[in-house]
Structures are given as C-alpha cells and as structure tokens.
Amino acid sequence: MPWIEKTISPKFAIARPSFLFDRSWNMSGNHLKFGIALAFAMLSAPIASAQEAPDADEMAALCHGGLSICVSATIPTARTQAATPGWMSPDVGAAWAAGYKGQGVTMTIVDDFSSSSRFSGNFGVGVQNQRHGEWTREEAGMIAPWASIRSKDFSTGSAVSLAPGRNVLNLSYGMYTTAGYSVNQIGWAPEEASIISYASSGSAIISKAAGNDSVAVGGVTNGQQDYLNLALIGKQTAIFVGALSTNGTTTNKAQLAWYSDYAGSNPLVQSHFLVVGVDGSKTGLYGTSFAAPIISGYAAIIGSKFTKATPTQITNDLLNTARTDTLVNYRASVYGKGEASLSRALAPVAIR
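Note that the coordinates shown come from a computational prediction; the quantities given were computed from them, not determined experimentally.

The subject of this paragraph is the overall build of the protein chain. A count of helical and extended segments in the protein chain gives 10 helices and 19 strands. Counting across all 352 residues of the protein chain, residues that qualify as buried make up 60%. In the protein chain, 73% of the contacts between residues at least 6 apart in sequence involve partners at least 24 apart.

Laid out in structure tokens, this is it:
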C-alpha cells in the first residue's frame, strides 16, 4: 500500500512561454506537486474602475438544476462597484459594495508556510517575494477580506481542524505517485484523510486546484496521477478549479489556459469543475494554484450573504450559476460547469 508523504526534494519543469513550476517533494516515488506557473516578466496590476455595467444577458439562467434554486433573483441594470485590482472579476467589487466580504466564514489555506522556497509576483499591492502558501493565502484574503483566515502548513501532516460555523478549505497542491493504484489502496496521512472526509460529509467546501499538466482531472502525466484529485471525485462539496487565461465576458470570451488541467469525460468531474480567470499578464503569476483561492473567496462571500446555507448549498450555488456564454467553444469536457459567476451566485434571495 503506497503512502503519500511530503519531504524536501524540489523538482522543476520549464515550459514556454513561461516557467511552469511544478514544485514536487519526492520520497520513495511519492510526490506532492503545486499547481503554479510563473511568468518571465512581472507586471503591475491596474485598479478597475468604480462603475461597470453588467453584460446584456446578465439576467439569463441565473440558477438552474441541482440543489441550488433561485427563490427570487434580481440584478440591477447598473451596479455600484468598489475598486478592485484588475486581475479580479468586476463581480467582486459589486459584492463588496453590497456588503458581502466573507464575514462569518473561515477559510483554511492548506499549503507551504515553512519552506525556504519563495518567488515573486504582484497582486496589485506591489512586488512581493513569498512562499507558495503566503501567495494563495493573500489571494483568497483579498477576494474575501472579512473572512477569518487560517494557515495550515501541509508539511505537518496532521488533520485539518474546522472552525465553528462555515468552513472553506483551499488546496492549491496535489498528491502524486505512480499511476495505476485505486484510491482505496492509498494510505492517507491524517491531513488529507480529514480533507477527503469533510468533502464526503459536506462539512466544508473544498476548493482544489485542478493541476497544471494539461490533462483531464485524474489523468496520467509522466506515469503519475494526482491521487488527491481522484479521492475527491464524487464528493459533495469538492470543487475542481481550472484556469482561464483571463476573465471572460460575452464580448471577449476566455479560453482555458495552456497549462490548466480540464474536466475530461467523467460526468462526476464535469459536474464539480469550474474555471476562473488567472490573469498572469497583470500579476506575473500563472497556474491553477491561483485559480483555487478565487473560488475559496467566492464561497466565503456567498456564505456571508446566505448565512444559514450549508457547505453543500453554497457549493451547488457556485456550480449551478456558472456561465458558459463567456467561454470560447464551451464544452463540458473542457470547462465543466463553466466560468464561476459571483454575481449570479449572489442573485437569489435564498438558496436551498
């Protein structure tokens, strides 16, 4: 029975036109891999304007199917919007202006907070040089600034604890070993075992970076598979998050980033797969590592409006309100449910 472990042997894979850093820790053939890519150039992130009109079809298909139902939904023809960094969707500023900033929700970032490995980027507050976990924590916290944020260093391997109330766990990493095992053959450390349990029971929303290997979620790359992805397939509050090259609109549709893993043919993955813009041209940061914290922040914001909603209800609200009309050649096998739409997810008066 293989054991998924974490040690210290960095491995880098270079791709053009940008570096694709797949930081892997290797012991006895077992791997942990971040979903992150860094560009050669570092660009500043402009601030979005304070006023922006919604797309013409903003009212279309606000909620549909599943367990997330629009009891009532209205979106104004023009919305006041707080200033946000240019890499964020304008929907975030609209949510802030309405008073929804993640209050009452705890986001736990499970990531690297102790290694000596650091890299540079800019989320619009100036160039910084940080660890991977410090980056993902900052990004999630910028999306949902009033959420409580916990940091869990994944090198400890201990179980992830939940806070009272609603919880979101951000996983911008994967657990890789030789392909061909069944998930039941994997001996999980308490950390991942607790995460998988929470996703199964609906105790917390799990935002999982899809991966940076340009394969379907759960697919084989270089003879290895991400078994954390495989273990989360079919779990009620797990969301796999792929990266778009930019935020999409109906007039400027986005496409999947060149490095991002995609939904694939498994309907269980397709139904729990979302994409969001990871605009590295503005931040210098690329990778599904930076897609997952956006969904974590969205989940916290939704929880700050729907204060009685369960993690399963919030998960389904995000999935069932995703857009397909902002994507180039939409197919469920590529984009899953589509591009996450915070404005549509917040539109209902109540969700159930």
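On to helix α8 (residues 311-320). Burial analysis of α8 places 10 of its 10 residues in the buried class, which makes it a mostly covered element. In the core, the buried residues of α8 are packed alongside β12 (166-171), β14 (205-209), β16 (238-244), β17 (273-277), α7 (292-305) and α10 (342-346).

Evaluation of the coordinates by the stated rule reveals 8 aromatic pairs. Where W87 meets F123, the ring centres are 4.9 Å apart and the plane angle is 40°; that geometry is what we call tilted. Taken together, the positions of W87 in the loop between β7 (79-80) and α1 (90-97) and F123 in the loop between β9 (119-121) and β10 (128-130) put the pair 36 residues apart, joining distant regions of the chain. No difference in accessibility class separates W87 from F123, as the two residues are buried.

Moving on to unusual backbone geometry. A negative phi angle is the norm for most residues apart from glycine, just as the trans form is the norm for most peptide bonds. Positive phi values are uncommon outside glycine, yet N222 reaches one of about 50°. Residue placement: N222 occurs in the loop between β14 and β15 (224-226). For N222, a relative accessible area of 74% translates into the label exposed. One non-glycine residue, N329, adopts positive backbone phi at about 50°. Its place among the elements puts N329 in the loop between α8 and α9 (332-335). Judged by relative accessible area, which is 59%, N329 ranks as exposed.

Now for the side chain of T237. Structurally, T237 is set in the loop between α4 (227-232) and β16. From its side chain, T237 meets the backbone oxygen of A204 in a polar contact 2.7 Å long. Excluding its chain neighbours within four sequence positions, the residues that come into contact with T237 are Y198, A199, G202, A204, I205, I206, P311, T312 and T315.

Read across the open sheet, the 7 strands follow the order β11-β8-β12-β14-β16-β17-β19; overall the sheet is parallel. Taken across any chain shown, the strands that pair with only one partner, and hence form the sheet edges, are β11 (148-153) and β19 (338-339). Two elements, β14 and β16, share 4 bridges in a ladder whose sense is parallel. Residue pairing for β16: A209 is matched across the bridge by V241.

Here the focus is the pattern of salt bridges. Side chains that differ in charge, positive against negative, can pair when their charged atoms come close. Applying the stated criterion across every chain yields a total of 5 salt bridges. Among the salt bridges present, the one from K282 reaches D279, with a minimum N-O distance of 2.7 Å. According to the relative accessible area criterion, K282 is partly exposed, its value standing at 22%. Classification of D279 as buried rests on a relative accessible area of 8%.

The next point concerns the packing of α7 against α8. Packing of α7 against α8 leaves a shortest axis separation of 10 Å and a crossing angle of 115°. Handedness of the crossing formed by α7 with α8: right-handed. Taken together, the residues of α8 that come into contact with α7 (itself represented by I295, Y298, A299, I302 and G303) are I314, D317 and L318. Of the residues in the contact of α7 with α8, the class split is 6 nonpolar, 1 polar and 1 charged.

Time to look at the confidence of the model for the protein chain. For the protein chain, per-residue confidence averages 82 on the pLDDT scale, and 77% of positions sit at 70 or higher. Contacts from residues 3-31, a stretch scored under 50 in pLDDT, to residues over four places away or in other chains number 85 contacts.

Here we come to the pairing of strand β8 (residues 105-111). The side chains of a regular strand alternate between both faces of the sheet. Among the 7 residues in β8, 7 count as buried, and that is most of the element. The side-chain alternation of β8 yields two buried faces, one formed by V105, M107, I109 and D111 and the other by T106, T108 and V110. As defined by bridge partners, β8 adjoins β12 across 6 bridges and the pair is classed as parallel. By the bridge assignment, I109 is partnered in β12 with N170. Bridging between β8 and β11 involves 6 bridges; their strand directions are parallel. When the sheet's bridge partners are listed, T106 is paired in β11 with S148.

A few words now on the environment of W146. Take W146: it is sitting in the loop between α2 (132-143) and β11. Residue contacts for W146: discarding those within four places in its chain leaves G99, K101, G102 and Q103.

Among the nonpolar cores identified, the biggest contains 49 residues, and I295 and Y298 are the most heavily contacted of them. For this core, the element with the highest residue contribution is α7, accounting for 7 residues. Among residues more than four places away in sequence, those in contact with I295 are S207, I239, V241, L274, V276, L318 and A340. In this structure, W188, L228, L244 and A263 belong to the second largest nonpolar core, which totals 35 residues.

What counts as what
Residues numbered from 1 in each chain as written. Predicted model: local features only at pLDDT ≥ 70, side-chain atom pairs only at ≥ 80, totals over all residues. Heavy atoms only, no water. Helix = DSSP H or I, 4+ residues; strand = E, 2+ residues; numbered from the N terminus. Buried < 20%, exposed > 50% of the residue type's maximum accessible area, 1.4 Å probe, protein only. Contact = heavy atoms within 4.5 Å. Phe/Tyr/Trp six-rings, centres within 6.5 Å; stacked < 30°, edge-to-face > 60°. Polar contact = N/O pair within 3.5 Å; in protein donor to acceptor, adjacent residues only side chain to side chain. Pairing = 2+ DSSP bridges. Salt bridge = Lys/Arg side-chain N within 4 Å of Asp/Glu carboxyl O. Axes fitted to C-alpha atoms, helices over the stretch in contact; angles between N-to-C directions. Left-handed = near helix turned anticlockwise from the far one by under 90°. Nonpolar A, V, L, I, M, F, W, Y, C, P; charged D, E, K, R; others polar. pLDDT = per-residue confidence, 0-100. Core = buried A, V, L, I, M, F, W, Y, C linked by side-chain atoms within 4.5 Å.

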